[in-house]
Structure formats: structure tokens, C-alpha cells
Amino acid sequence: MAEERGGAEARRHFRGARFIMEAGLRLGLGSAALSTALGAFLRFAREHRSPYDPALVAAAALLLAGKAQGAGPRARDVINVTHSTCCSSCWPWGAGGAAAGGAVGGGCRGSPGRC
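No experiment lies behind these values; they were computed from the predicted model shown.

Some remarks on the packing of aromatic side chains
- On inspection of all chains with the given rule, the structure shows one aromatic pair.
- With 5.3 Å between their ring centres and 90 degrees between their planes, Phe44 and Tyr52 make a pair best called edge-to-face.
- Residue Phe44 is classed as partly exposed on the basis of its relative accessible area of 27%.
- On the accessibility criterion, Tyr52 (15% relative accessible area) is buried.
- Sitting above the plane of the Tyr52 ring, Arg12 keeps its charged end 5.2 Å from the centroid.

Details of the confidence of the model for the protein
- With 71% of its residues at a pLDDT of at least 70, the protein reaches an overall mean of 75.
- Per-element confidence in the protein ranges from a low mean pLDDT of 81 for helix H1 (residues 2–27) to a high of 92 for helix H2 (residues 31–47).

What counts and how
Residues numbered from 1 in each chain as written. Predicted model: local features only at pLDDT ≥ 70, side-chain atom pairs only at ≥ 80, totals over all residues. Heavy atoms only, no water. Phe/Tyr/Trp six-rings, centres within 6.5 Å; stacked < 30°, edge-to-face > 60°. Buried < 20%, exposed > 50% of the residue type's maximum accessible area, 1.4 Å probe, protein only. Lys NZ or Arg CZ within 6 Å of the ring centre and 35° of its normal. pLDDT = per-residue confidence, 0-100. Helix = DSSP H or I, 4+ residues; strand = E, 2+ residues; numbered from the N terminus.

If you want it as C-alpha cells, here you go:
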């Protein structure tokens, strides 16, 4: 049972890291900001065993890493890129996507505030 849970955690960490790379490239972040965001995301994932939304944590890591490296992206840009990345890949986090029986796009209704 512990191995199954560990495998699911590893997949969630990989998906979060992949999301950070995709969204970070869309935002035009440099390699230093991307590595900072990846480190922050994986550190959070390792220390917090309670359920969390990986997309939310990844978006926060991107915003903080961008700000720590200089001017960074605007919060609105991070929200828009997060929304477009999540909806285009049918919500890869397993929480409401088509695989979980939910609507395609995780129940997206066309606006980041309505998802």
C-alpha cells in the first residue's frame, strides 16, 4: 500500500514539475526562475503530506520565483497561463478531469474565476 501511495505521489510531483516547465516557458521565465520554482514546489510537496492542489502550488511557486529573480511576471499573467495550461491538458491532476468522470477541462466554464 505504501508503494502505491509513493507511486501516486511521484506521479503528482512529476506532473507538477512538468506543469511548471510548460507554464514557465509560456511566461518567458529564465532557467534560474524555473529552477527556483521547481525547488519551491518540490520542497512544499515533500514537507506537506496533507492534500493540496498541485496547480495552485505550482502557480504560486512560479509567481514567487519570478518575483525573486527580478521584475517577474504579473499575477494576472500567471493566472491566465495557469488556466490555459490546465484547460488545454484536461486538468492533469486527477481531480475532476475526464478520467475522474468530470467534464473535460476540469469543469472549465471559460473563465479562470469560474473553474
